[in-house]
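# Coordinates in review
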Amino acid sequence: MIKLASTTAVALVALTASAFAAGYSVTEISAVGIKRANGTWTLSTEGDKVSGKAELQLDNGTPVTYKIDGKVEGGAYTLNLSDRTDGKKDCVWTGKPNESGKVFEGPVVCGSEKFSIRAGVQ
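Read on for a plain summary of the structure. (Residues numbered from 1 in each chain as written. Predicted model: local features only at pLDDT ≥ 70, side-chain atom pairs only at ≥ 80, totals over all residues. Heavy atoms only, no water.)

## Comments concerning the nonpolar core
The nonpolar side chains of soluble globular proteins are, as a tendency, buried together. Of all hydrophobic cores here, the largest spans 25 residues; its most connected members are Tyr 24, Trp 41, Tyr 66, Leu 79, Leu 81, Trp 93 and Ile 117. At the level of elements, strand 1 (19-29), strand 2 (35-46), strand 3 (49-58), strand 4 (63-73), strand 5 (76-82), strand 6 (91-97), strand 7 (103-110) and strand 8 (113-121) are the ones that each hand at least two residues to this core. Aside from chain neighbours lying at most four places away, what touches Tyr 66 is Glu 28, Trp 41, Lys 53, Ala 54, Leu 56, Leu 81, Ser 82, Asp 83, Arg 84 and Ile 117. (Core = buried A, V, L, I, M, F, W, Y, C linked by side-chain atoms within 4.5 Å. Buried < 20%, exposed > 50% of the residue type's maximum accessible area, 1.4 Å probe, protein only. Helix = DSSP H or I, 4+ residues; strand = E, 2+ residues; numbered from the N terminus. Contact = heavy atoms within 4.5 Å.)

Here it is, written out as structure tokens:
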């Protein structure tokens, strides 16, 4: 019985270690430094692959949602922000950690439009 319990515990730890889910408080900031949208990201990481969803609200109150997929390498994220309900297309965010390692910041490029995102671990 003890052997079965420890085998189950080891299997659970192995499964948990391979996938990691986290919530982030997110702010999208326009090129002129004005907050554009605030909300959350829910991301799952398995190895270097990242996927998830975003739920934000524009400064005028309009909700914005989108899908997230990409990768994390060396602590930096490269994420595709697709199916945005605000109509922005081909958006890619490159986020790097600040000194604390709990906040990631970087530019977003959507075609010819640029803004930035600041995402902090909740």
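## Observations regarding the state of the cysteines
Under the defined criterion, the tally for this structure stands at one disulfide. The residue that forms a disulfide with Cys 91 is Cys 110, at a sulfur-sulfur distance of 2.0 Å. Here Cys 91 and Cys 110 share a disulfide; its torsion about the S-S bond, 115°, makes the bridge right-handed. A residue pair is termed long-range when its members are at least 10 positions apart, and Cys 91 in strand 6 and Cys 110 in strand 7 qualify at 19 residues. Given the relative accessible area of 2%, Cys 91 is considered buried. Using a relative accessible area of 7% as the deciding quantity, one classes Cys 110 as buried. (Disulfide = S-S within 2.5 Å.)

## So, the packing of aromatic side chains
Taken as a whole, this structure holds four aromatic pairs when the rule is applied. Ring geometry for Tyr 24 and Phe 104: centres 6.4 Å apart, planes at 70°, overall edge-to-face. Taken together, the residues span a long stretch of sequence, with Tyr 24 in strand 1 and Phe 104 in strand 7 at a distance of 80 residues. A relative accessible area of 5% places Tyr 24 in the buried class. Between Tyr 77 and Phe 104, the ring centres sit 5.0 Å apart and the planes meet at 90°, which makes this aromatic pair edge-to-face. Residue Tyr 77 is located in strand 5, and its partner Phe 104 is located in strand 7; the two are separated by 27 residues in the primary sequence. (Phe/Tyr/Trp six-rings, centres within 6.5 Å; stacked < 30°, edge-to-face > 60°.)

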